[in-house]
Every structure is written in C-alpha cells, then in structure tokens.
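These are the residues of each chain, in order.
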Amino acid sequence: MRSNIVGWLMLAPTIAILGIFGIAPFIYVLYLAFHHWNPFGADPSIAYNGANNFRRLVFDQEFLGSIAVTAKFAFFAVLSEIALGYALAQLFMREFPGRGFFRTIHTLPLIVAPIVVGSVWRLMTTPSIGIIPYLLKHWFGYDLNIGRDASAAFALTVIMDIWHWTPLVTLTLLAALLALPKEPFEQAQIDGANRWQIFWHVTLPMIRPAILATVFIRLMDALRTVDEVWMLTSGGPGAATRYVGLHIWKIVFPKTDYGYGAAISVIVLYLTLVMCWLLYVALVARREKKRTF
C-alpha cells in the first residue's frame with residue numbers, strides 16, 4: 001500500500017503537467033466548439049449555439065477540400081519517410097568510411113525549427129534567386145514557379161517534409177534494427193532464405209512495433225503541419241496546399257471565428273484517432289487474430 005502511494009506521489013508532477021497543458025486546453029476547446037465567439041466582433045460575448053458549428057463544417061467545401069489534400073499529403077510524406085528511413089537505417093548499420101560523419105550530417109535537419117525550414121525552402125524555390133529553379137531550368141529546361149503551379153507546390157511541400165523528418169524515422173528504425181538478436185537471422189540463412197524472405201518473415205515482424213509507433217508519430221505530425229507550409233506556399237496557389245492546419249489558422253486568426261475553429265480542431269482530432277486506430281487494426285490486430293487460430 002505504501003509503495004503505491006509513493007508511486008503516485010512520484011507521478012503527481014507529470015500528471016499535473018499533463019492536466020494543465022493537455023487536458024484543460026482540450027476541455028476548453030471542446031467547450032468553445034459548441035459556442036459562437038468572435039472577441040473582435042460587434043458582440044464579443046460567448047454565445048451557445050449547440051451543434052451549429054459542426055453542422056456548418058459538414059457543408060464547408062473549403063474544409064472538406066483541406067481534409068482531402070491533407071490526407072493526400074500525409075500519405076505520400078509518411079510512406080516516403082518510412083521507406084527512405086528504413087533504407088538509410090540499413091545503410092548506417094554497415095561499416096564504411098565516414099559513417100559517423102554522415103550520421104551526424106543526416107540528423108542535422110531535426111534541430112532546425114519548422115518555421116526556419118519553411119523560410120529556407122522558400123528562398124531556395126523563389127524563381128529569381130532560388131537555387132532549385134535555377135538548376136531545373138539549366139539542366140532540364142523546366143521553369144519552376146510554385147506560385148502558379150499547384151502540382152509543383154504540393155510536391156515541394158511533400159519533399160520538404162521528407163527532408164525534415166526522415167532523419168527521425170531513420171534514428172527510430174536504426175535503434176530497432178540494432179536491438180534485434182542475431183540468432184533468427186543466422187537460422188534463416190542456414191535454412192536457405194534469401195534477403196527478401198529474411199526481411200519479410202524475420203526483420204519486418206520483429207521491428208513492426210517500432211514502425212507502427214513511427215507511423216503514428218509522423219501521421220499525427222503530418223495531419224497538423226502548419227509552420228513549414230505556411231512559410232513556403234502560404235497555402236497556395238489557390239487551395240493546393242491549404243492543409244487543415246492552415247485552414248484552422250485562417251479561420252481562427254484572420255477571421256477570428258474561435259468557435260468554428262475549435263469545432264474543426266475537435267473533428268480533426270477525432271479523424272486522427274480514427275485513422276490511427278484503423279492503421280493499428282490493419283497492421284497489428286488482424287495478424288494477432290490470425291495467430292490465435
């Protein structure tokens with residue numbers, strides 16, 4: 001009994017911080033989602049309006065469009081980061097000259113703030129002074145202008161996210177690979193398994209928890225990206241890169257519609273949880289169910 005009390009006392013600071021900075025803001029946002037509040041309008045008071053904010057977003061074409069383009073962005077970015085991160089993790093497990101140096105260089109993007117990443121990529125893609133448009137024009141004759149080319153703007157936001165966050169995936173998967181025991185691989189080689197069979201039947205099942213955790217982290221980050229994309233494209237051209245985080249920002253700050261912005265935030269949180277749950281069921285629960293039979 002006494003050990004339980006000591007344990008709870010040691011957890012109390014963490015629980016208090018979680019409650020103050022996590023649970024309390026969520027409850028406040030949930031409260032605002034059922035109210036109309038424009039503090040800079042003619043009537044700055046908070047007025048209860050029931051589920052009108054949620055009814056409104058169902059027919060909001062800009063919101064629905066932002067959800068679609070955000071899901072597309074998250075799919076391409078996360079899938080590319082997992083594939084590239086695993087390949088780099090396998091590369092860094094091998095001995096080659098300068099491996100420590102390349103590991104250090106590879107992780108440098110992680111220490112750069114997202115808003116700085118967006119600013120640097122904005123400079124690199126500006127048609128008049130950017131190195132990327134210059135090289136594409138000089139080498140391939142392609143005139144890059146993300147201010148008028150929606151496809152190029154979307155592709156560059158994905159590439160920028162891959163550049164920034166692939167090192168995180170690499171480090172996570174590298175740690176998982178280094179922790180694997182050698183005996184299953186040696187046994188598989190003795191049995192005559194090739195590289196693909198070893199990867200599919202030995203490596204992948206053993207690192208699946210690390211992959212799943214990494215996918216969850218990156219998926220949640222990709223669904224709420226704001227800083228980098230805002231600095232690079234400001235959500236344009238048109239609505240090509242107006243991801244849901246930018247949509248919420250424009251609803252809350254320029255339009256100062258706090259109630260509607262809170263309702264969108266709650267729905268986005270719900271959709272994120274649903275996507276993570278479906279991903280968990282598809283990757284883990286189904287395989288565990290097969291093993292029971």
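The structure we're discussing is the one just above.
Description of the structure in this document.

How each quantity is defined
Residues numbered from 1 in each chain as written. Predicted model: local features only at pLDDT ≥ 70, side-chain atom pairs only at ≥ 80, totals over all residues. Heavy atoms only, no water. Helix = DSSP H or I, 4+ residues; strand = E, 2+ residues; numbered from the N terminus. Buried < 20%, exposed > 50% of the residue type's maximum accessible area, 1.4 Å probe, protein only. Contact = heavy atoms within 4.5 Å. Areas by Shrake-Rupley, 256 points an atom, 1.4 Å probe, with all protein chains shown as cover. Lys, Arg positive; Asp, Glu negative; His and termini not counted. Charge placed at Lys NZ, Arg CZ, Asp CG, Glu CD. Polar contact = N/O pair within 3.5 Å; in protein donor to acceptor, adjacent residues only side chain to side chain. Axes fitted to C-alpha atoms, helices over the stretch in contact; angles between N-to-C directions. Parallel < 35°, antiparallel > 145°, perpendicular 65-115°, else oblique. Left-handed = near helix turned anticlockwise from the far one by under 90°. Patch = residues over 30% accessible without salt bridge, like charges linked within 9 Å, V, L, I, M, F, W, Y side chains within 5 Å. Salt bridge = Lys/Arg side-chain N within 4 Å of Asp/Glu carboxyl O. Phe/Tyr/Trp six-rings, centres within 6.5 Å; stacked < 30°, edge-to-face > 60°. Lys NZ or Arg CZ within 6 Å of the ring centre and 35° of its normal. Core = buried A, V, L, I, M, F, W, Y, C linked by side-chain atoms within 4.5 Å. Expected span 1.5 Å × (residues − 1). Bend = angle between axes of the 7 residues up to and from the residue.

A few words now on the overall build of the protein chain. The helix and strand tally for the protein chain stands at 12 helices and two strands. When the elements of the protein chain are put in sequence order from the N terminus, they spell out α-β-β-α-α-α-α-α-α-α-α-α-α-α. In terms of principal-axis extent, the alpha carbons of the protein chain reach across some 75 × 75 × 40 Å. Scored against the burial criterion, the 293 residues of the protein chain give a buried share of 37%. Taking the intrachain contacts of the protein chain between residues at least 6 apart in sequence as the baseline, contacts between residues at least 24 apart amount to 67%. Only carbon and sulfur atoms are counted for the fraction: they give 70% of the accessible area of the protein chain, which is about 17700 Å². Side chains of the protein chain carry 23 positive and 16 negative charges; the gap between the two charge centres is 4 Å.

Within the element layout of this structure, Ser-80 appears in helix H3 (residues 61-92). Distance from Ser-80 to Asp-161, taken between C-alpha atoms, is 9.9 Å for residues 81 residues apart in sequence. A polar contact of 2.7 Å, which involves the side chain of Ser-80, links it to the backbone oxygen of Phe-76.

We now examine the packing of H3 against helix H7 (residues 150-178). Running from amino to carboxyl end, H3 crosses H7 at an angle of 40°, the nearest separation of the two axes being 6 Å. Relative to H7, the element H3 lies oblique. The two elements H3 and H7 meet at a crossing, and its hand is right-handed.

Where nonpolar side chains cluster on the molecular surface, the patch consists of Leu-18, Ile-23, Phe-26, Ile-27, Leu-30, Leu-269 and Leu-273 and spans about 640 Å² of accessible area. Among the secondary structure elements, those contributing two or more residues to the nonpolar patch are helix H1 (2-32) and helix H12 (258-291). No other element matches the five residues that H1 contributes to the nonpolar patch. The exposure class assigned to Leu-269 is partly exposed, which follows from its relative accessible area of 37%.

What the rule picks out here adds up to 13 aromatic pairs. With a centroid separation of 5.3 Å and 80° between ring planes, the pair formed by Phe-75 and Phe-76 is classed as edge-to-face. Judged by its relative accessible area of 40%, Phe-76 is partly exposed. Ring plane angle 40° and centroid distance 4.7 Å describe the contact between Trp-230 and Trp-249, whose orientation is recorded as tilted. Placement of the pair is Trp-230 in helix H10 (residues 227-232) and Trp-249 in helix H11 (residues 244-252), with a sequence separation of 19 residues. Of the residues examined, Trp-230 reaches a relative accessible area of 30% and is grouped as partly exposed. Residue Trp-249 is classed as partly exposed on the basis of its relative accessible area, which comes to 30%. Ring-pair connections join several aromatic residues into one group, and the members of that group are Tyr-86, Trp-196, Phe-199 and Trp-200. Sitting above the plane of the Tyr-260 ring, Arg-56 keeps its charged end 3.7 Å from the centroid. Just above the ring of Phe-154 sits the side chain of Lys-72; from NZ or CZ to the centre is 4.7 Å.

Take unusual backbone geometry next. A cis geometry characterises the amide bond from Gly-236 onward to Pro-237, with omega recorded as -5°. Tracing the chain through its elements places Pro-237 in the loop between H10 and H11. Positive phi outside glycine occurs at Thr-256, with the angle close to 50°. Examined against the element boundaries, Thr-256 turns out to sit in the loop between H11 and H12.

Our next topic: the nonpolar core. Grouped together as the largest cluster of nonpolar side chains are 38 residues, with contacts concentrated most on Phe-73, Leu-173, Ile-207 and Ile-211. Those elements that provide at least two residues to this core are H3, H7, helix H8 (183-190), helix H9 (195-223) and H12. Ranked by the residues each element gives to this core, the list is headed by H9, at 12 residues. For Leu-173, the residues in contact, after removing those within four places along its chain, are Ile-82, Gly-85, Tyr-86, Ala-89, Ala-210, Ile-211 and Thr-214.

This next bit is on H7. The first and last C-alpha atoms of H7 sit 41 Å apart over 29 residues, in line with the 42 Å expected at 1.5 Å per residue. Along H7, the largest kink reaches about 45° and is centred on Trp-165; proline Pro-167 follows within four residues of it.

Before going further, it helps to spend a moment on the environment of Arg-195. Within the fold, Arg-195 resides in helix H9. Residue Arg-195 is classed as exposed on the basis of its relative accessible area, which comes to 74%.

In this structure, Asn-49 sits in the loop between strand S2 (47-48) and helix H2 (52-58). Here Asn-49 is in contact with Phe-34, His-35 and His-36, once residues within four sequence places are set aside.

Once that is clear, we can look at the pattern of salt bridges. Tallying each qualifying case throughout the model produces eight salt bridges. A salt bridge links Arg-148 to Asp-143; its shortest N-O distance comes to 2.9 Å. Arg-218 is the partner of Asp-221 in a salt bridge, and the nearest nitrogen-oxygen pair spans 3.3 Å. A residue pair is termed a helical-turn pair when its members lie 3 or 4 positions apart in one helix, as Asp-221 and Arg-218 do in helix H9 at three residues. Among the charged side chains, a network of salt bridges with common partners joins Glu-81, Asp-161, Arg-218, Asp-221 and Arg-224.

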